[in-house]
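If you want the building blocks of each chain, they are given just below.
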Amino acid sequence: MRNFLILIGICISIRLSAQDTLRYKIGDSTVCIITELHKGARRGVVFLNLHEDESTSVQACRTFLSNNNGTLIRLHQHGERLIVFTRKGKLYRFDPNRIFTPKGRKATLKYFDNYDRVAAKKLKGFANAIIKKLRKARLVVALHNNTEGAPLSILNYVDKKGYRVNVNSSINIDDFFLTTRKKIYKYLKSKKMNVAWELFHKTNDDGSLSIYSNKNQLPYVNIEALHGHETEQLQMLEVLKGVMKKYR
Ligand SMILES: [Zn+2]
């Protein structure tokens, strides 16, 4: 009987998700890097949410993970897209998906008019902390949400240098995949998805995680969906299952 109860206890603890929070100090501020382990997750597939305000993607992912193994890593600070920090009384802002290369770090700090060399170093440290969390990942699934139409949709990649694109006109243009892998592109194309394949040697270095992943041969796919398109984003995750099983 006792062994039976212990067994039940183990099963329950495996099914429940666990959470680990790294409180990362940047300047005089803090950003949480939260790791959620779902159903005794294997670390092969890591889902990553960098923009905290894109909560539809996190909800869709959690629903997906209630039936599937996986690790979800997300940033938590003020619930906004941008990360802010102070240093020596000065306020800095940056886009956390522009910090994975030196060029990107400089550009995002300059864009918000707060570039200096020390701040760029702080961003590098933060990027490395995120990358360290991905060290066991065999596939990174980035989770993003966007707004209606411009500035970002699958149409951005049509005829753009460095991309191959498949557009399905019956799917909303804001719901699309972007990957660094030809195999993943071909698979999603065969499933008639909106999908763009980013060819590293021909694309501009904006410091985003896709650029980093391409450079470091880390398989990467981004699931972009319109804010509120939770059902659609969940369906996209289901379609991606055919890819995920190869990266367990
Ligand atoms: Zn985003």
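Quick notes on the rules
- Residues numbered from 1 in each chain as written.
- Predicted model: local features only at pLDDT ≥ 70, side-chain atom pairs only at ≥ 80, totals over all residues.
- Heavy atoms only, no water.
- Donors = N, O, S within 2.8 Å, 3.2 Å for Na, K, Ca; no water.
- Tetrahedral: all angles 85-135°; square planar, octahedral: opposite > 155°, others 65-115°.
- Helix = DSSP H or I, 4+ residues; strand = E, 2+ residues; numbered from the N terminus.
- Buried < 20%, exposed > 50% of the residue type's maximum accessible area, 1.4 Å probe, protein only.
- Patch = residues over 30% accessible without salt bridge, like charges linked within 9 Å, V, L, I, M, F, W, Y side chains within 5 Å.
- Areas by Shrake-Rupley, 256 points an atom, 1.4 Å probe, with all protein chains shown as cover.
- Salt bridge = Lys/Arg side-chain N within 4 Å of Asp/Glu carboxyl O.
- Phe/Tyr/Trp six-rings, centres within 6.5 Å; stacked < 30°, edge-to-face > 60°.
- Lys NZ or Arg CZ within 6 Å of the ring centre and 35° of its normal.
- Core = buried A, V, L, I, M, F, W, Y, C linked by side-chain atoms within 4.5 Å.
- Contact = heavy atoms within 4.5 Å.

Peer 1: An account of the coordination of the zinc ion is needed here, citing residue identities and associated values.
Peer 2: At this site the zinc ion is bound by His51 (ND1), Glu54 (OE), Glu54 (OE) and His144 (ND1), with donor distances of 2.0 to 2.5 Å. Around the zinc ion sit 4 donor atoms; with metal-centred angles ranging over 56 to 151 degrees, the donor geometry is irregular. Spacing between the donor residues of the zinc ion along their common chain follows H-x2-E-x89-H. Of this pair, Glu54 sits in the loop between strand E3 (45-49) and helix H2 (55-65) while His144 sits in strand E7 (residues 139-146); the two residues are 90 residues apart in sequence, bridging distant segments of the chain. Note on accessibility: Glu54 and His144 belong to one class, buried.

Peer 1: Summarise a nonpolar patch on the surface; cite the residues concerned and give the values.
Peer 2: On the surface, a cluster of nonpolar side chains totalling about 220 Å² of accessible area is made up of Leu155, Val158 and Val167. On the secondary structure map, Leu155 appears in the loop between E7 and strand E8 (163-166). Among the residues examined, Leu155 registers a relative accessible area of 45% and is labelled partly exposed.

Peer 1: Pulling in residues and values, what's your account of the packing of aromatic side chains?
Peer 2: Taken as a whole, this structure holds 10 aromatic pairs when the rule is applied. Taken together, a centroid distance of 4.8 Å and an interplanar angle of 10 degrees make the contact between Phe85 and Tyr92 stacked. The residues Phe85 and Tyr92 share a single accessibility class, namely buried. Here the aromatic rings of Tyr111 and Phe112 are separated by 4.9 Å at their centres, their planes lie at 85 degrees, and the arrangement is edge-to-face. By relative accessible area, Tyr111 is classed as exposed at 67%. Among the aromatic residues, those joined into a cluster by ring pairs are Tyr24, Phe85, Tyr92, Phe94 and Phe126. We note Lys110 situated over the ring of Tyr115; from NZ or CZ to the ring centre the distance is 5.5 Å.

Peer 1: Any details on unusual backbone geometry? Residues and values, ideally.
Peer 2: With a phi angle near 60 degrees, Asp113 is a residue other than glycine that sits in the positive phi range. Turning to its location among the elements, Asp113 is positioned in the loop between helix H3 (102-111) and helix H4 (117-133). Since its relative accessible area comes to 71%, Asp113 is described here as exposed. Look at Gln217: it is not a glycine, yet its phi comes out positive at around 55 degrees. Of note, Gln217 is situated in the loop between helix H6 (209-215) and strand E11 (220-226). Judged by its relative accessible area of 58%, Gln217 falls in the exposed class.

Peer 1: Please give an account of the nonpolar core that cites residues and values.
Peer 2: With 38 residues, the main nonpolar core has Phe94, Phe100 and Phe126 as its most contacted residues. Top contributing element to this core by residue count: H4, with 8 residues. Setting aside chain neighbours within four positions, we find Phe94 in contact with Ile26, Leu82, Ile83, Phe85, Ile99, Thr108, Leu109, Phe112, Leu123 and Phe126. One finds Phe177, Tyr185, Val221 and Met244 within the second-largest nonpolar core, a separate group that totals 28 residues.

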